[in-house]
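Analysis of the macromolecular model
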Amino acid sequence: MKPEKRIRNQKNTAKPVDLPLDFLKLVDETITQALEPGLIELRKIHPESGFQSSGSVFGDELLLSISLTHGTQILHATTVHASVDYDPNRETPSINDLLAMCVDTAGIVFQHYLDPGFPERIARIAESSLGALEEAPFEWSAIPAPEAKGVVVHVKIDKSNPVLDRLAEEWLQKNDPARAKTGEAGAEARIEAAEDFLEERIEAIRAAKSGSGGIPGGNGPIRH
């Protein structure tokens, strides 16, 4: 299940474009490295814990979701959604910059709960109850982007689990021939469109990650 847009604009009917898989993999690797000490502690409770990202580009919004999952045998997960206003006609800040701000801000939320100095927080994020996450932004909450004046990232947290969604989709693909046929074509079209949309930026993101040692393309507080 894809998260709902934060911006409800009935005039904007353009279909979203999924973020490229290469970029999402890079986000997963970066945030895993940045929060490794906390993940090590969390894996004492759930050995298969790790991050999985997804996201879309809309005509007026960028939406990135980063999920902390615990393997296919555990139903619950913790997902932080980060959203920022987007105008494709503006050159600055670039889409790369805005995505980096979303990653930075989502990382700050996870960093709070995966701080090895506060094992009680790690225990809470390991629980299935959303209510265990004290002071979590359960509704869209505005946070000024790190080191980016004038840009506001909106975040919220829930217990959606993309692993279960993927398994459900795979089951439907295998058991519903009509859905499988249209699903494969739709998935290929989404991937092709996404890769075309951000193809030129992937290398720049990788270069920025290698040069800054932090979140791809950004100068936020998360560091390896």
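Owing to the predicted nature of the structure, the values given are computational and were not obtained by experimental measurement.

Here is what the cut-offs are and how they apply
- Residues numbered from 1 in each chain as written.
- Predicted model: local features only at pLDDT ≥ 70, side-chain atom pairs only at ≥ 80, totals over all residues.
- Heavy atoms only, no water.
- Salt bridge = Lys/Arg side-chain N within 4 Å of Asp/Glu carboxyl O.
- Helix = DSSP H or I, 4+ residues; strand = E, 2+ residues; numbered from the N terminus.
- Buried < 20%, exposed > 50% of the residue type's maximum accessible area, 1.4 Å probe, protein only.
- Phe/Tyr/Trp six-rings, centres within 6.5 Å; stacked < 30°, edge-to-face > 60°.
- Lys NZ or Arg CZ within 6 Å of the ring centre and 35° of its normal.
- Core = buried A, V, L, I, M, F, W, Y, C linked by side-chain atoms within 4.5 Å.
- Contact = heavy atoms within 4.5 Å.

1. Points about the pattern of salt bridges
Scanning all chains against the criterion turns up four salt bridges. For R6, the salt bridge goes to D85, with nearest N and O atoms at 2.6 Å. Highlighted residues: R6 in the segment before β1 (17-18) and D85 in strand β4 (residues 78-85), separated in sequence by 79 residues. On the basis of relative accessible area, R6 is assigned to the buried category, the value being 17%. Between K44 and E41 there is a salt bridge, with the nearest N and O atoms lying 3.1 Å from each other. Here the residues in one salt-bridge network are K5, D60 and E61, joined through shared partners.

2. Topic: the packing of aromatic side chains
With the rule as written, the count across this model stands at one aromatic pair. Measuring from centroid to centroid gives 5.1 Å for F51 and F110, while their planes differ by 75°, and the two rings are edge-to-face. Of this pair, F51 sits in strand β2 (residues 50-57) while F110 sits in helix α3 (residues 95-113), and the two are 59 residues apart along the sequence. The two residues F51 and F110 agree in class, both being buried. The ring of F58 carries the charged tip of K5 above its face, separated from the ring centre by 5.1 Å. When the ring centre of F118 is taken as reference, the NZ or CZ atom of R121 above it lies at 3.8 Å.

3. Focus: the nonpolar core
Judged by nonpolar contacts, the single largest core of 39 residues is most densely connected at L42, F51, L62, I66, L68, F110 and I125. If you list the elements that add at least two residues to this core, you get α1 (21-34), α2 (36-42), β2, β3 (61-69), β4, α3, α4 (119-126) and β6 (152-158). In terms of residue count, the dominant contributor to this core is α3 (ten residues). Setting aside residues no more than four positions away along its own chain, F51 makes contact with D28, I31, T32, L35, L39, I66, S67, L68, F110 and L114.

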